[in-house]
Amino acid sequence: MHTELTINSRPTCHDLPGTSMVLSAMRKRFHGRGDELIPMLQAAQRELGFLPEQVLLEIARFAGLTSAKVYGTATFYSQFRLKPVGKYIVRVCRGTACHVKGSYRMLGDIRDHLKVAPGETTQDGLFTLETVACFGSCALAPIIVVDDAVYGNVGRSKALALLDDIRSQEKKRV
Amino acid sequence: MDFRQALARAEDNWNALDHLAYPLIHVGMGTCGKAAGADGVYAAAKETLDRMKLEGRMLKVGCIGMCYLEPIMAVKCPGGPFIYYGNLTAEKTEKILTAGLGEGDPKSEWAFCTMGEKSIDGIGRFEDLPMIKPQVRIALRNCGIIDPEDIEHYMARGGYGGLQRALGMSRGDVIEEIKNSGLRGRGGAGFPTGLKWESAAKAPGKTKYIVCNADEGDPGAFMDRSLLEGDPHAVLEGMLIAAYAIGCTEGFIYIRAEYPLAIKRLEKALGQMAEYGLVGRRILGSRLGFQIQIKEGAGAFVCGEETALMASIAGGRGMPRPRPPYPANKGLWGNPTNINNVETFANVSAILAQGAAWFASFGTEKSKGTKTFSLAGKVQRTGLIEVPMGMRLGDIIDGIGGGVAEGKKLKAVQTGGPSGGCIPADLLDLPVDYDALAKAGSIMGSGGMVVMDEDTCMVDIPRYFLAFTADESCGKCMPCRLGTHQMLDVLNDICDGNGKAQDIDALELVSEAVNKGSLCGLGQTSPNPVLTTLRYFRQEYEAHIHEGKCRAGVCKALFHYEIDGETCTGCGACSRKCPVQAVTGEKKKPHAIDLERCTKCGTCRDACKFHAVLVC
């Protein structure tokens, strides 16, 4: 059987759990206007943790935009991820106050400890390491953020202990 | 809802808080407070009240600006002042409340100040604290005092009085008032706000927009976040006044997605405004109709630039475009658009409430009013402060901030983020205003103020900023796209020990090209961190290049650690903590570092209480 491979007629994939639900919820919530592009990408990522290719293509179709425009926007902003993420997202603040208080060393420690570079996910799928330009909690520098929990005045050993804690709790759960 | 009735009720309820028959407890619940553990303090306080079977009123307030003392709780017993306690834990909270409410013991030794008419022996007053005394709080007037999620608190403190006054004036008179106040844009560039409004008001066009720029992107700055978290209505009222003066029907708040709490508080505030007839049609019975939408940014520093911000609101990549045409003539979707920063709007509502002359009585001849700063880095008292323009830099660092932390020596103060520069310690007499900072090679910027001590390398700092701007450059124009990377490459070489004699000249040359040739402020100002450090700390560049030394102990290729045999007590703290077992020595005898093994992680230096680990 011949399969049409051009982007616009590629069949919608349902291989990712939840993708079709997210897309249908989006069609109800948004109107498909061009100025809704960023909010739509944000809504999809909030649900899925990242933006799979088929979601980008569906959003392009829904908003009547080229896939290039949607891809260009999704890769322009640091908030959007095109790859799946781990269970916990560990963000190391790289703001000026954190830098002056040694966050570059802490980032190095965490990188060595988890054996991943920023933007990567650990092999066990538990942690994704990211950096963020500034969290705006500079008075408590250095800062790390695990999912939504902000930790201030984090010394280097405290940061590693925090990650080890999460890992051992996860192991217990299994 | 009738606004006048609501206002009367709000004032009654607010005044009643002063005369409660039971305790009133404030917990600072800004992002900083929460990061320090305010949720636990709040829960502990509530539990203690329940356990003691006491009636009590608890309020979640914003940030009072003394971040170094977070989490903070204030307790007011009937008839007494608020007593403030800092650096709390759940346990300490319980002890304080048990003693204070049960035995009438205010635990003076744990309190850091009182607020209110009455005072308590042995506890200083809030307004007399060295951190607070030099401050004048206009934009931050309600932060940490009111519940930001209760519009009636804001109203009771004079909120929306500025809007009411504006609606009784002609549009032109409102603009005149702002012009007379001398208010300049608090986002950093310092353009006179009244003139900006006037050109948007005069621009032909039926549809006009107001945008509040809350895309606080400068690393090291958090004034706008604290303000939106602590007093969102002050900003929203300013937007309404601008909408009336310029003739706009629609407004947007463009805010960073990294500020979820500020977004939540804004959403709540907008909901309450709708209930009280402060958005929608015929606001407060006038002809003003205005709607406000929140637009979440998605993490792009360049979107703080106004044309890029508008491109982002319209959907798509936030890239700047050449000006003119200015947004006042051709902005969002081609319509006249007035863009102001969060703090500017918070000042607008205060100016309309209290008058231009009052506002202009603060500050210097050309920089009127006050400016908020986020004081961070290696300073004793970190926090969010607001000072009259023109205050001596040294008075901010030493007086308000309490000087450099851990007894170290001040090296520089960084203002203006990646667009600003490093002001050396010997310029502490500099008055902090737009013009003086620009003359020193830095900028006022949005208000980030990061204190740097002798352990900060002044070649690493510009490298840090250039890594940031190179990463955030949108790529549209060549000088910024390539120039920032060129400068970064040279700085990386110098920091890695590969510096060449001609590198300093190369940096100056590229800096000039990037400054003159870039399309927007991000590129044009990106060389400032390099230029100011070259101007004031050239000897550090030269030591890196010619002597192969980083005396601050930051650039790993250019220093090593040594243990000073005379000061080392042989306590073993360093050898126990060294992750690579590079420190050895017998107990109570001077230790030594095996340089082959040492990874220069600095753990031993942090661990040594006797400052025996030296940077060589």
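Residues numbered from 1 in each chain as written. Chains lettered and ligands numbered in written order. Predicted model: local features only at pLDDT ≥ 70, side-chain atom pairs only at ≥ 80, totals over all residues.

Novice: Explain the overall build of chain A to me, please; I cannot follow it from the model alone.
Specialist: A count of helical and extended segments in chain A gives seven helices and four strands. Overall, chain A shows an N-to-C arrangement of helices and strands of α-α-α-α-β-α-α-β-β-β-α. Expressed as lengths along the three principal axes of its C-alpha atoms, the size of chain A is roughly 55 × 35 × 25 Å. Relative to its full complement of 174 residues, chain A shows a buried share of 33%. Within chain A, contacts between residues separated by at least 24 positions form 64% of all contacts whose residues are at least 6 apart in sequence. (Helix = DSSP H or I, 4+ residues; strand = E, 2+ residues; numbered from the N terminus. Buried ≥ 20, exposed ≤ 12 C-beta atoms within 10 Å, placed from the backbone. Contact = placed C-beta atoms within 7 Å.)

Novice: Looking at this model, I keep getting lost on the overall build of chain B. Mind explaining?
Specialist: The helix and strand tally for chain B stands at 24 helices and 18 strands. Rg of the C-alpha trace for chain B: 26 Å, near the compact-globule value of 25 Å for 616 residues, within the 12% margin. Its C-alpha atoms give chain B principal-axis dimensions of about 80 × 70 × 40 Å. Looking at chain B as a whole, 56% of its 616 residues qualify as buried. (Rg over C-alpha atoms; globule rule 2.2 N^0.38 Å.)

Novice: In this structure, what is going on with the interface of chain A and chain B? I would like to understand it.
Specialist: Between chain A and chain B, the contact holds 34 residues from the first and 43 residues from the second. Classifying every residue of the side of chain A that touches chain B by side-chain character gives 18 nonpolar, twelve polar and four charged. (Nonpolar A, V, L, I, M, F, W, Y, C, P; charged D, E, K, R; others polar.)

Novice: I'm lost on the pairing of strand 4 (residues 82-85) of chain B in this one. Help?
Specialist: A regular strand places its side chains on the two faces of the sheet in alternate fashion. Residues and elements named next belong to chain B. Across the two faces of strand 4 the burial is the same, with Phe82 and Tyr84 and Ile83 and Tyr85 all buried. The sheet contact formed by strand 3 (residues 73-76) and strand 4 spans four bridges and is antiparallel. Its bridge partner lying in strand 4, Lys76 is registered against Phe82. In terms of strand pairing, strand 4 meets strand 5 (residues 111-115) through four bridges, oriented antiparallel. Its bridge partner lying in strand 5, Ile83 is registered against Thr114. (Pairing = 2+ DSSP bridges.)

Novice: Whenever I open this one, unusual backbone geometry confuses me. Can you help?
Specialist: For residues besides glycine, phi is generally negative; the peptide bonds are generally trans as well. Residue and element names in this part refer to chain B. Cis geometry marks the peptide bond from Glu70 to Pro71, where omega comes out at -5 degrees. Following the sequence through the fold, Pro71 ends up in the loop between strand 2 (57-61) and strand 3. Residue Pro325 follows Pro324 across a cis peptide bond; omega there is 0 degrees. Locating Pro325 in the fold gives a position in the loop between helix 12 (306-313) and strand 9 (337-341).

Novice: What should I look at first to understand the sheet that holds strand 7 (residues 250-255) of chain B in this one?
Specialist: The strands that make up a sheet are held in pairs by hydrogen bonds between backbone atoms, and each pair lies either parallel or antiparallel. Residues and elements named next belong to chain B. Spatial ordering of the open sheet is given by 8-7-6-9, a layout of four strands whose pairing is parallel. Looking along the sheet, the strands with just one partner apiece sit at the ends: strand 8 (291-296) and strand 9. Neighbour-to-neighbour, the strand axes of this sheet turn through a mean angle of 20 degrees, independent of strand direction. (Axes fitted to C-alpha atoms, helices over the stretch in contact; angles between N-to-C directions.)

Novice: For this particular structure, what's the right way to read the packing of helix 3 (residues 53-63) of chain A against helix 4 (residues 67-76) of chain A?
Specialist: Axes are the key here: two packed helices are described by the angle between their axes and the distance separating the axes. All names here are of chain A. Here helix 3 crosses helix 4 at 125 degrees, and the two axes come no closer than 8 Å. On the basis of their axis angle, the class for helix 3 and helix 4 is oblique. Helix 3 and helix 4 meet at a crossing whose hand is right-handed. Only Ser67, Val70, Tyr71 and Ala74 of helix 4 make contact with helix 3, whose side of the interface consists of Leu56, Leu57, Ile59 and Ala60. (Parallel < 35°, antiparallel > 145°, perpendicular 65-115°, else oblique. Left-handed = near helix turned anticlockwise from the far one by under 90°.)

Novice: Before we go on, may I ask you to explain the domain arrangement of chain A in this structure?
Specialist: It is common to give the size of an interface as the accessible area lost on bringing the parts into contact. The domain architecture assigned to chain A consists of domain 1 (7-76) and domain 2 (88-173). Centre-to-centre, using C-alpha coordinates, domain 1 of chain A lies 30 Å away from domain 2 of chain A. (Domains from an automatic or database assignment.)

Novice: What exactly am I supposed to notice about the environment of Asp471(B) here?
Specialist: Residues and elements named next belong to chain B. Tracing the sequence through the fold places Asp471 in helix 17 (residues 460-472). Overall, Asp471 belongs to the partly exposed group, with 15 C-beta atoms counted inside 10 Å. A sequence separation of ten residues divides Asp471 from Arg481, and the C-alpha atoms of the two residues are 9.1 Å apart.

Novice: When you look at the domain arrangement of chain B in this model, what are you seeing that I'm missing?
Specialist: Assigned domains within chain B: domain 1 (16-126), domain 2 (160-359), domain 3 (370-453), domain 4 (460-547) and domain 5 (560-615). Here the C-alpha centre of domain 5 of chain B lies 35 Å away from the C-alpha centre of domain 4 of chain B.

Novice: Just checking my understanding: could you explain helix 8 (residues 193-202) of chain B for this structure?
Specialist: Because the α-helix completes a turn every 3.6 residues, residues three or four places apart line up on one side. All names here are of chain B. In terms of residue burial, helix 8 counts as a mostly covered element, since seven of its ten residues are buried. Taken together, the buried positions of helix 8 are occupied by Thr193, Gly194, Lys196, Trp197, Glu198, Ala200 and Ala201. Summarising the contacts, the buried residues of helix 8 are in contact with helix 7 (171-181), helix 10 (232-246), strand 9 and helix 13 (342-354).

Novice: Where do I start with the nonpolar core in this structure?
Specialist: Counting 225 residues, the largest nonpolar core has Ile143(A), Met73(B), Val235(B), Met239(B), Leu240(B), Ile241(B) and Ala243(B) as its most contacted members. By residue number, the principal contributor to this core is helix 10 of chain B, which donates eleven residues. One finds Cys574(B), Val583(B), Cys604(B) and Cys608(B) within the second-largest nonpolar core, a separate group that totals twelve residues. (Core = buried A, V, L, I, M, F, W, Y, C linked by C-beta atoms within 7 Å.)

Novice: Even after reading the chapter, I still don't get the pairing of strand 12 (residues 410-415) of chain B, so can you show me in this structure?
Specialist: Residues and elements named next belong to chain B. Counting buried positions along strand 12 yields six of six residues, so the element is predominantly enclosed. Here strand 12 pairs with strand 13 (residues 421-424) via four bridges, running antiparallel. By the bridge assignment, Gln414 is partnered in strand 13 with Cys422. In this structure, the hairpin formed by strand 12 and strand 13 is closed by a connection of five residues, where Gly416 is found at a positive phi of approximately 80 degrees.

Novice: Can you walk me through the sheet that holds strand 3 (residues 144-146) of chain A in this structure?
Specialist: All names here are of chain A. Here four strands make up an open sheet; going across it, the order is 2-1-3-4 and the pairing mixed. Looking at strand neighbours, the two that pair on one side only are strand 2 (127-132) and strand 4 (149-151), the edges of this open sheet. The average angle at which neighbouring strand axes cross in this sheet is 20 degrees, direction not considered. Inspection of the sheet shows strand 1 (residues 88-93) paired to strand 2 by six bridges, in the parallel sense.

Novice: What exactly am I supposed to notice about helix 2 (residues 37-48) of chain A here?
Specialist: Compared with the 16 Å implied by 1.5 Å per residue over twelve residues, the 17 Å span of helix 2 of chain A between its first and last C-alpha is a close match. When helix 2 of chain A is considered as a whole, its buried residues turn out to be Leu37(A), Ile38(A), Met40(A), Leu41(A), Ala44(A) and Gln45(A). Buried residues of helix 2 of chain A, seen end-on, are gathered within an arc of 160 degrees and therefore sit on one face of the element. If you follow the buried residues of helix 2 of chain A, they end up packed against helix 1 (19-29), helix 3 and helix 4 of chain A together with helix 12 of chain B. Looking one or two residues beyond helix 2 of chain A, the residue adopting positive phi is Gly49(A), at roughly 85 degrees. (Expected span 1.5 Å × (residues − 1). Arc of directions from axis to C-beta.)

Novice: Even after reading the chapter, I still don't get the confidence of the model for chain B, so can you show me in this structure?
Specialist: The predicted coordinates ought not to be read in detail in places where the model reports low pLDDT. Summary statistics for chain B give a mean pLDDT of 96 and a share of 100% for residues scoring 70 or more. Model confidence for the complex: the whole-complex pTM is 0.94, and ipTM, which rates the interface, is 0.90. (pLDDT = per-residue confidence, 0-100.)

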